[in-house]
Amino acid sequence: MHKKPHSKRFIHTNIPRFLISKKAVEMEMENRNEAKVESAVEFPACDDVNTNKKDDEEELTVEQIFEKKEKEVPSWKKQLTVRAFVVSFLLSIMFAFIVMKFNLTTGIIPSLNVAAGLLGFFFVKTWTKLLERSGMLRQPFTRQENTVIQTCVVASSGIAYSGGFASYLLAMSQRIVQQSDKNSTDYKNPALGWIIGFLFVVSFLGLFSVVPLRKIMIIDFKLTYPSGTATAHLINSFHTPQGAKLAKKQIRELAKYLSFSFLWSSFQWFFTATDECGFQKFPTFGLKAFQNKFYFDFSATYVGVGMICPHIVNVSLLIGGILSWGLMWPLIETRKGHWYSATLGPGDIQGLRGYQVFIAIAMILGDGLYNFTKVLSQTIAGLNNKIKENKTMNLPLANSPIKNPLSFDDERRTKLFLKDQIPKWFAIGGYIAIAAISTATLPHIFHHLKWYHIIVLYIFAPILAFCNAFGCGLTDWSLASSYGKIAIFTIGAWAGSSHGGILAGLAACGVMMNIVSTASDLMQDFKTGYMTLASPRSMFVSQVIGTSMGCIIAPCVFWIFYKAFPDMGMPTSEYPAPYATVYYEMAKLGVEGFSALPKQCLNLCYAFFAASIVINLIRDGLGKKRSWFIPLPMAMAIPFFLGPYFAIDMCVGSLILYIWQKRNKDSADALAPAVASGLICGDGIWAIPNSILALVGVKPPICMKFLSRGTNNKVDSFLGS
């Protein structure tokens, strides 16, 4: 859905991140395709950056502006400041709670790079202003330091996604396993110690696997990396006078709506004495619609998400909800006693829940397979074209075209990018050393995952990491979850059901996802650093420090949720963690086959798998301009097992943005991401005190509940008697 928006890693979502940030990415791709000299006007937040000289109307490029402003570019060591990592640590904790909440509710994680960039800029700028007034400022705040903060925060918070806390790790737990098989004892419950150890031995391999390729990707092939480029434009804009003015406006809006969202969430808490109470159970469209999960739940979070996501994503979610909960599930319920046993409960995987989960899996796999094939073919074709282009340029032929000289910006950026090299022996040696430690350690954490499984994974991992990083540079689409699913099926089938194939497959998924995800993330950071003149060494170090923070912060945040909400992972919970069930059923399907499916479920799965591919073919066949009304299968699949309630919230957010754009497009383009980020962050921050209150046993004092007239009369009669 798996960023943003990330557009940066918060894009690591269960929906492919490019869907979350499609508008920003398409804008960036169009700008790049115009083949003009880059200027600060390429990014919406920088419209006023280019200065018109009074004596002449010369338009300066980005680096010409900064060359006049910057006395010198700080060395890579000076870019790594204590204040940058202090701010990064605080923001990492906040964003870990936000990302974890998204993970455990719907699995849709919007981009928070605007919020991360704005808050990082605000905190350090405030810090430096106070020091400047007191005469103690030794080093001014630079765009390179801003890039370090952005990289560190996103790397840390990205672990909250790739760590699998709401997918493959939670799928191993007793809570999820026994939803499918009540008698199964083949599970591994989460524990803080082994989760932190697991993340430390697998999260750094991806960083070392693609470091030697940074020059090829960024300089030689000139890959776009739209998310990294858009982030660089955002950071560059903050450090120009006009961009700083706009940033102040955005920060004000973010702070205003963050406060509103936090207060609204805390107000709602007082009315949620039990799971069936509160504003989130408000029967907006009537009690019958409420029973089928059609209601508006007053969530500021998903209104904000709807403002960030493209309209087609929100509409696709709503269409999926109407198709499933409005039509299919009521019809399948009429076959109760024929297609599945009438004695099964609503959460039993062999009953109605089985249709909901497996049809959604079929759509996800169909969409994933199509786009995996599409992106992989584009990657191979793009790689082939780049190699041919480089060979043609190097041929000493008389009639060969003269190679275009580099622009001022590219020349300056290339010079500084190649200045601080990371030795290849360091990258290769680091990969081999960590792989050896990991191979020796992982079988002690997951007994069903053998050393030879791990060696095979680590042999293929650098190839897949390169493919993912290259494809991400072309399309802005990370296929980390697709590579993880491949590992689930291959390692799970190899281990076999009698030797814990399900747990082995889920563990292998985690290993592969972490490697390929961090590889593409690092290359995005190198692109951002290239365009902000941040050193590759500072980018690598900040990524390592951010990943280390994430390996500790994310498990601790997950542990708070896990202990505070004992029903987490259950379908009726406030935190149902839907993808945990999906990943477990995928692993079980790969090991045991289709024997456990209820009647006609397999035929319906085939139909929706094929429909998912056909819809994608139609979308690509019509082209971008004519396919705006064709829904997205991956987005349609999510409400199949969650319900459409959050899609209604997101459509409200989309409607607000649409009206705002009609009334004042410039204002909407500049401020809507900040408003949306504020709504998301405020509700996400409330998760911290909410979890603490739950841990210490403090419960809300009031239950606001809605009853039908007949039920209410019975309650009144009972109370009267």
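No experiment lies behind these values; they were computed from the predicted model shown.

Definitions and cut-offs
- Residues numbered from 1 in each chain as written.
- Predicted model: local features only at pLDDT ≥ 70, side-chain atom pairs only at ≥ 80, totals over all residues.
- Heavy atoms only, no water.
- Helix = DSSP H or I, 4+ residues; strand = E, 2+ residues; numbered from the N terminus.
- Buried < 20%, exposed > 50% of the residue type's maximum accessible area, 1.4 Å probe, protein only.
- Areas by Shrake-Rupley, 256 points an atom, 1.4 Å probe, with all protein chains shown as cover.
- Disulfide = S-S within 2.5 Å.
- Axes fitted to C-alpha atoms, helices over the stretch in contact; angles between N-to-C directions.
- Parallel < 35°, antiparallel > 145°, perpendicular 65-115°, else oblique.
- Left-handed = near helix turned anticlockwise from the far one by under 90°.
- Contact = heavy atoms within 4.5 Å.
- Nonpolar A, V, L, I, M, F, W, Y, C, P; charged D, E, K, R; others polar.
- Patch = residues over 30% accessible without salt bridge, like charges linked within 9 Å, V, L, I, M, F, W, Y side chains within 5 Å.
- Salt bridge = Lys/Arg side-chain N within 4 Å of Asp/Glu carboxyl O.
- Phe/Tyr/Trp six-rings, centres within 6.5 Å; stacked < 30°, edge-to-face > 60°.
- Lys NZ or Arg CZ within 6 Å of the ring centre and 35° of its normal.

Colleague: Just checking my understanding: could you explain the overall build of the protein for this structure?
Modeller: Regarding its fold elements, the protein presents 31 helices and zero strands. The buried share among the 721 residues of the protein stands at 58%. When the accessible area of the protein is evaluated, it comes to approximately 29700 Å², of which 63% is carbon and sulfur surface.

Colleague: Looking at this model, I keep getting lost on the state of the cysteines. Mind explaining?
Modeller: Working definition of a disulfide: a covalent bond connecting the sulfur atoms of two cysteines. Evaluated as defined, the whole model comprises one disulfide. Put simply, Cys277 and Cys703 are joined by a disulfide, and their sulfur atoms are 1.8 Å apart. Of note, the bridge from Cys277 to Cys703 carries an S-S torsion of about -75° and is left-handed in sense. Of the two residues, Cys277 is situated in the loop between helix H14 (241-269) and helix H15 (287-291) and Cys703 in the loop between helix H30 (665-695) and helix H31 (709-720); the sequence distance between them amounts to 426 residues. Overall, Cys277 belongs to the buried group, its relative accessible area being 0%. Looking at the unpaired Cys601, the closest cysteine sulfur is the one in Cys605, lying at 4.0 Å. A relative accessible area of 0% places Cys601 in the buried class.

Colleague: Quick question: what am I supposed to make of the packing of helix H19 (residues 408-417) against helix H23 (residues 501-532) here?
Modeller: Packed helix pairs are characterised by how far apart their axes lie and by the angle those axes make with each other. Between H19 and H23, the shortest axis-to-axis distance is 8 Å and the interhelical angle comes to 120°. By the criterion of interaxial angle, the relationship of H19 to H23 is oblique. For the pair H19 and H23, the crossing hand works out as right-handed. Contact with H19, carried on its side by Asp410, Arg413, Thr414 and Phe417, involves Phe526, Tyr530 and Met531 of H23 and no other residues of that element. Taken together, the residues of the contact of H19 with H23 sort by class into four nonpolar, one polar and two charged.

Colleague: Sorry if this is basic, but what is going on with a nonpolar patch on the surface here?
Modeller: A cluster of nonpolar side chains, Trp451, Tyr452, Ile455, Ile459, Phe460, Ile463 and Trp494, forms an exposed patch at the surface whose accessible area comes to about 750 Å². With respect to the helices, strands and loops of the structure, Phe460 is situated in helix H21 (residues 451-475).

Colleague: Just checking my understanding: could you explain the packing of aromatic side chains for this structure?
Modeller: For any two aromatic rings, the description comes down to two numbers: the centre-to-centre distance and the angle of the planes. Taken as a whole and assessed by the stated rule, the structure comprises 48 aromatic pairs. Relative to Phe204, the ring of Phe200 lies with its centre 6.1 Å away and its plane at 20°, an arrangement referred to as stacked. Classification of Phe204 by relative accessible area gives buried; the value is 9%. Ring-pair connections join several aromatic residues into one group, and the members of that group are Trp264, Phe267, Phe271, Phe279, Phe282, Phe296, Phe298 and Phe706. For Arg175, the ring lying beneath its charged end belongs to Tyr562, and the centroid distance is 4.0 Å.

Colleague: Looking at this structure, I do not really get the pattern of salt bridges. What am I missing?
Modeller: A side chain of one charge can pair with a side chain of the opposite charge if their charged atoms are brought near each other. Using the criterion set out here, one finds nine salt bridges in the structure. Salt-bridge contacts for Glu63 lead to Arg412; the nearest nitrogen and oxygen are separated by 2.9 Å. With Glu63 in helix H3 (residues 62-69) and Arg412 in helix H19, the pair connects residues that are 349 residues apart, well separated along the chain. Arg412 matches Glu63 in its accessibility class, with the two residues each being buried. A salt bridge links Lys256 to Glu253; the nearest nitrogen and oxygen atoms lie 3.5 Å apart. On the criterion of helical spacing, the pair formed by Lys256 and Glu253 is a turn pair, its members being three residues apart in helix H14. Look at Lys256 and you get partly exposed, because its relative accessible area is 49%. Within the structure, one salt-bridge network assembled from shared partners comprises Glu63, Arg143, Arg412 and Arg413.

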